[in-house]
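Listed here are the chains, written in short residue letters.
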Amino acid sequence: MFKNLLIIGGQDKNENRELIGELYLEKGKIYTIVGPTGSGKTQLIEDIECLSDGFGLTKRKILIDDGISPQHLRSSYQNRLVSHLSQNMHFILDMSVINFLKMRLKCTNFPDDIKSVEKILEYANELSGEKILGHFSLTTLSGGQSRALMIADVAINGTTPIILIDEIENAGIDRLRAMKILVDSDKIVLVVTHDPLLALYGHKRIVMKNGGISKIINRNPYELSLLKQLHSINKVTETIRDDLRRGKQLEKECFYGL
Amino acid sequence: MKLVIAAGPPASGKTSILFKTIKYLKGFNAKIAVAKLDCLTSDDERVYEALNIPVITGLSENLCPDHFLAINIIEIFNWAKKSGADYLIVETAGLCNRCAPFIDRALNICLIDCLSSIKVPKKLGPIVTTSDIILISKVDMVSQAEREVFVYNLIQLNPTAQILEVNGLSGFGSQRVGNIILNSPSYDSIDGDILRHSMPSATCSYCVGEIRIGGMYQQGIINKMDFSKGSDFSYV
Ligand SMILES: Nc1nc2c(ncn2[C@@H]2O[C@H](COP(=O)(O)OP(=O)(O)OP(=O)(O)O)[C@@H](O)[C@H]2O)c(=O)[nH]1
Ligand SMILES: Nc1ncnc2c1ncn2[C@@H]1O[C@H](COP(=O)(O)OP(=O)(O)OP(=O)(O)O)[C@@H](O)[C@H]1O
Ligand SMILES: [Mg+2]
Ligand SMILES: [Mg+2]
Ligand SMILES: [Zn+2]
C-alpha cells in the first residue's frame, strides 16, 4: 500500500510549534507512544488514521511515501489504515473458531482456502500457552487464547498497514513472539502503553507532552538488554503462576532462575 | 444551518461520541445547538450543558421517538436558529426497528453498538438502510476480525453509507465525524423536506388506547400469528 508515513509537526495545546518537525514511520518497526494521561496519545493516532491534512486541531500533516498527500486514501472503511488490538477486546460471536475464520476469510475477500485458516491457528498456537483447537467455541477461549488468535489474525489477514496495540495483558501469551510476528508481517506497529516491558519493545519511543510530540527516543543497547532481562523475569513469573495454578508447592529444586 | 440527526439504540454511546465531536467542532468556532429526544427521561441535557451550548430535551412519552421527531423537527430547527446556532445536532433514541427518524436533506448518522448488534445485523432496520453515515461504537470491546465481518454485513444492508469506527471513551473517531459535519450542506429552512423512510402508523385499536384483549375489541389492521409453523414437538 505504501512504504512509509511522514508526520509533519503541528502545534501543541498552547498553539506552540511541536518540538518535532518531522517523523518518519517505517514498516517493520515498532513505535511506542508514551506520555501522561491527556498528553495527546489518542489524538496522534487519530491524526494518523484520518490522514490529517494540516487543518485539524493539531495542524499536523500526514504524508505517505516521502511526501505524497494521500487524498485517495481518506475516508472509506476499505481504505482505513489502522487495525486495533486492545486489552478489552473479546470475541462475542457464538461460533467455532474454524467456522468463524472461514466466514471471516470469505467476507474480507481472501481466497477461502483451508490453508490460511490453518496458518492462523498455527500462528495463534505459537503465542498461546494453551492450545487452541478448531472446534473450540470463540466465546469460551481464555483471555490468552483470544489475544493470541486476534494477533495472529491481524498479522495474517490484516489489510491495514498500521497495527495499533493498546496494552496487551501479559498472562498466557508470549509477547516477544507476538511482537515479532507483527513486525514480520511488514506493518508499522504502534503501541500505546504504560507497561515497561511493552514500552521497551519499541525501536523508537514517541514522547507526548501537552498535546505535542516532544521527543523521539531511539532504544539504546542498554535498554535492549534491559528488555531481555525484563522478559526473562516475566517468563519466571509466568512459570510460577502456572505452577501455582496447577496446585504445586514451590520448592528450591524447581529452579525458577532467581 | 447544518442539520445532523444522530440516532441509535439506548446506551449505544451516542452522547459519548457526540460530546467529543462537539468539543472538536468548537475548536473551529462552530456554534452548535443540541436537541435530545427520548421516550421517558434523559440526563443528557446536563452532559451537553457542560459544553456551554444551547440544549433542549423533548420526551415522546407514549409515542415512538421517531414519530415524535417527525412531528417536532421544524420547531426544533427554528429553536436552534433563534438561539444563534449554525449547527443543530439532534440526538434521538432508535427503539423500534420499524422506524427511522431521518430527514432527506439532513446529515443522517446512525450509531450502532458493535457489542450488541454484531450478532444480528439483519435485525437493524431502516435506521441502518437509510443513513448517510454508520458509526460503529465501542470498538474497544470487540475483536478486529469480528468487526470486519460486521462491516461486511453492513455494506450489504447499506452500500452507500460511509462506515466509521468510533470509541466514545477515548474519543477515537470524533475528528473524522467532526470533519464530515463541517463539510455537510447548510440550509435556511427545512420546510418541505421529507422523511427518508415512511413510518408505520398507529393502525390497531390498541394504538388508540384500547386495553381489553379478545377478538371483539380488535379493529383496524390485525396481524395474527401463524401457529402452523412451530416446531414439531408437542406434549399431546
Ligand atoms: N467501552 C466503551 N464504552 C462506551 C463507549 N461509548 C460509550 N460507552 C459507555 O456506554 C454507556 C452509554 O453511553 P452514552 O454515550 O450515554 O449512550 P447514549 O447512546 O447516549 O445513551 P442514551 O442517550 O441513554 O440512549 C456509558 O457508560 C459510556 O461510558 C465506547 O466506545 N467504548
Ligand atoms: N495539539 C493539540 N492541540 C489541541 N488539543 C489537543 C492537542 N492534542 C490533544 N488535544 C486534546 O487533548 C485531549 C486529550 O488528548 P488525548 O485523549 O489524545 O490524550 P491521551 O494521551 O490519549 O490520554 P489518556 O492517557 O487518558 O488516554 C483531547 O481532547 C485532545 O483532542
Ligand atoms: Mg488515550
Ligand atoms: Mg445519550
Ligand atoms: Zn416507531
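In the block above lies the structure referred to throughout.
Here the residue numbers are simple positions, counted from 1 along each chain's written sequence. Think of it this way: whatever chain is written first is A, whatever ligand is written first is 1, and the rest follow in order. Only residues with pLDDT of at least 70 are given local features in this predicted model, and only at 80 or more are side-chain atom pairs given and counted; all residues enter the totals for whole chains, interfaces and linings. In computing side-chain values, all of the structure's heavy atoms are included and hydrogens and water are not.

Caption draft 1: The overall build of chain A, seen in detail. Strands here are runs of E lasting at least two residues and helices are runs of H or I lasting at least four, both read from the DSSP assignment and numbered beginning at the N terminus. When its secondary structure is counted, chain A shows 7 helices and 9 strands. For a compact globule the rule gives 2.2 Å times the number of residues to the power 0.38, and the radius of gyration it is set against comes from C-alpha atoms. Over its C-alpha trace chain A gives a radius of gyration of 20 Å, about what one expects of a compact globule, namely 18 Å for 258 residues. Overall size of chain A, expressed as C-alpha extent along the three principal axes, is 60 × 45 × 25 Å. A separation threshold of at least 6 residues defines the contact pool for chain A, and within that pool the share at least 24 residues apart is 67%. Note on areas: these come from Shrake-Rupley sampling with a 1.4 Å probe, and a residue is covered only by the protein chains present in the view. A total of about 12,400 Å² of accessible surface is found on chain A, and carbon and sulfur atoms cover 53% of it. In this tally, Asp and Glu contribute negative charge and Lys and Arg positive charge; neither His nor the terminal groups of the chain are included. Charge coordinates come from a single atom per side chain, which is NZ of Lys, CZ of Arg, CG of Asp or CD of Glu. Distance between charge centres in chain A, computed from 34 positive and 32 negative side chains, equals 2 Å. Residue contacts are defined here by distance: any two heavy atoms, one from each residue, within 4.5 Å place the two residues in contact.

Caption draft 2: View of helix α6 (residues 144-157) of chain B. Helix span, expected: 1.5 Å multiplied by one less than the number of residues in the helix. For α6(B), built from 14 residues, the straight-helix expectation of 20 Å at 1.5 Å per residue is met to within 8% by its first-to-last C-alpha distance of 20 Å. Burial classification: accessible surface area is computed with a 1.4 Å probe over protein chains only, and a residue below 20% of its type maximum counts as buried, one above 50% as exposed, and the rest as partly exposed. Residues of α6(B) that are buried: B:Gln144, B:Ala145, B:Glu146, B:Arg147, B:Glu148, B:Val149, B:Phe150, B:Val151 and B:Leu154.

Caption draft 3: Expanded view of the site of ligand 2. Residue and element names in this part refer to chain A. By convention in these notes, a residue is near a molecule or strand provided one of its non-hydrogen atoms lies within 4 Å of it. Around ligand 2 there are 14 residues in total, and Gln11, Thr37, Gly38, Lys41 and Thr42 lie nearest to it. Within 3.5 Å is the distance limit for a polar contact, defined as a pair of N or O atoms, with the added protein rule that one can donate a hydrogen and the other accept it, and that residues adjacent in sequence qualify only through two side-chain atoms. Note that an oxygen atom of ligand 2 is positioned 2.3 Å from one of the side-chain N or O atoms of Thr37. Protein chains bury 73% of the 640 Å² of accessible surface belonging to ligand 2 in isolation. Judged by the fraction of its atoms near the pocket grid, ligand 2 is located in the largest pocket. The nonpolar class holds Ala, Val, Leu, Ile, Met, Phe, Trp, Tyr, Cys and Pro. Asp, Glu, Lys and Arg form the charged class, and all remaining residues, Gly among them, are polar. Looking at side-chain class alone, the shell around ligand 2 contains 2 nonpolar, 9 polar and 3 charged residues. A cavity here means a set of 1 Å grid points, computed over protein atoms only, where a 1.4 Å probe fits but cannot escape. A pocket is an open set with protein on both sides within 12 Å along at least 5 of 7 lines, and lining residues have an atom within 4 Å of a point. Assignment of a molecule to a cavity or pocket requires that more than half of its atoms lie within 2 Å of the corresponding grid points.

Caption draft 4: Spatial organisation of the layout of surface pockets. Grid points are joined across faces, edges and corners, and a volume is the space filled by probe spheres set on the points. Roughly 1,300 Å³ of internal volume is contained in the largest pocket. Surrounding the largest pocket, 43 residues form its lining, A:Gly40, A:Lys41, A:Thr42, A:Gln43 and B:Ser170 being those nearest its centre. Only α1 (41-49), β5 (82-86) and β6 (162-166) of chain A together with α1 (14-26) and α7 (174-182) of chain B provide two or more residues apiece to the lining of the largest pocket. Broken down by element, the lining of the largest pocket gets its largest block of residues, 5 residues, from α1(A).

Caption draft 5: Highlighting unusual backbone geometry. All names here are of chain B. In this structure, Asn29 takes a positive phi of about 60° despite not being glycine. Within the secondary structure layout, Asn29 lies in the loop between α1 and β2 (32-38). In this structure, Asn52 takes a positive phi of about 55° despite not being glycine. Relative to the helices and strands, Asn52 is located in the loop between α2 (44-49) and β3 (55-59). For Asn52, a relative accessible area of 68% translates into the label exposed.

Caption draft 6: Here's a closer look at the sheet that holds strand β9 (residues 212-218) of chain A. Residue and element names in this part refer to chain A. Read from one edge to the other, the open sheet built from 6 strands follows the order β5-β6-β7-β3-β8-β9, with strand pairing classed as mixed. Single-partner strands in this sheet number two, and they are β5 and β9. Each strand axis lies, on average, 20° off the axis of its neighbour in the sheet, ignoring direction. At least two DSSP bridges between two strands are required for those strands to pair. Across 6 bridges, the pairing between strand β8 (residues 204-209) and β9 is antiparallel. Its bridge partner lying in β9, Lys204 is registered against Asn218. Of the strands in this sheet, β3 (30-34), β5, β6, β7 (188-192), β8 and β9 are in contact with α1, which crosses β3 at around 135°. A fitted line through C-alpha atoms represents every axis, and for helices the fit uses only the stretch in contact; the resulting angles, taken between N-to-C directions, go from 0 to 180 degrees.

Caption draft 7: Quick peek at the site of ligand 1. All names here are of chain B. Taken together, 17 residues form the shell around ligand 1, and within it Lys14, Thr15, Ser16, Lys36 and Gly168 come nearest. Take Ala11: an N or O atom from its main chain is 3.1 Å from an oxygen atom of ligand 1. One of the side-chain N or O atoms of Asp140 is found 2.8 Å from a nitrogen atom in ligand 1. Taking 650 Å² as the accessible area of ligand 1 by itself, protein coverage stands at 73%. Of the residues forming the shell around ligand 1, the biggest block, 3 residues, is contributed by α1. Here the residues of the shell around ligand 1 are counted per class, giving 5 nonpolar, 6 polar and 6 charged.

Caption draft 8: Seen up close, the packing of helix α4 (residues 143-157) of chain A against helix α5 (residues 175-184) of chain A. Residue and element names in this part refer to chain A. Viewed as axis vectors pointing N to C, α4 and α5 meet at an angle of 15°, and their least axial separation amounts to 9 Å. Relative to α5, the element α4 is oriented roughly parallel. α5 is crossed by α4, and the crossing has left-handed handedness. Between α4, through Ile151, Val154 and Ala155, and α5, the contact on the second element is made entirely by Ala178, Ile181 and Leu182. Of the residues in the contact of α4 with α5, the class split is 6 nonpolar, no polar and no charged. Comment on the angle field: the value is read as roughly parallel under 35 degrees, roughly antiparallel over 145, roughly perpendicular from 65 to 115, and oblique elsewhere. Take the far helix as your reference; a near helix turned counterclockwise from it by less than a right angle gives a left-handed crossing, and one turned clockwise gives a right-handed crossing.

Caption draft 9: Up close: the environment of A:Asn99. All names here are of chain A. For Asn99, the position within the fold is in helix α2 (residues 97-107). Of the residues examined, Asn99 reaches a relative accessible area of 42% and is grouped as partly exposed. As a C-alpha pair, Asn99 and Val117 span 18 residues in sequence and 9.4 Å in three-dimensional space.

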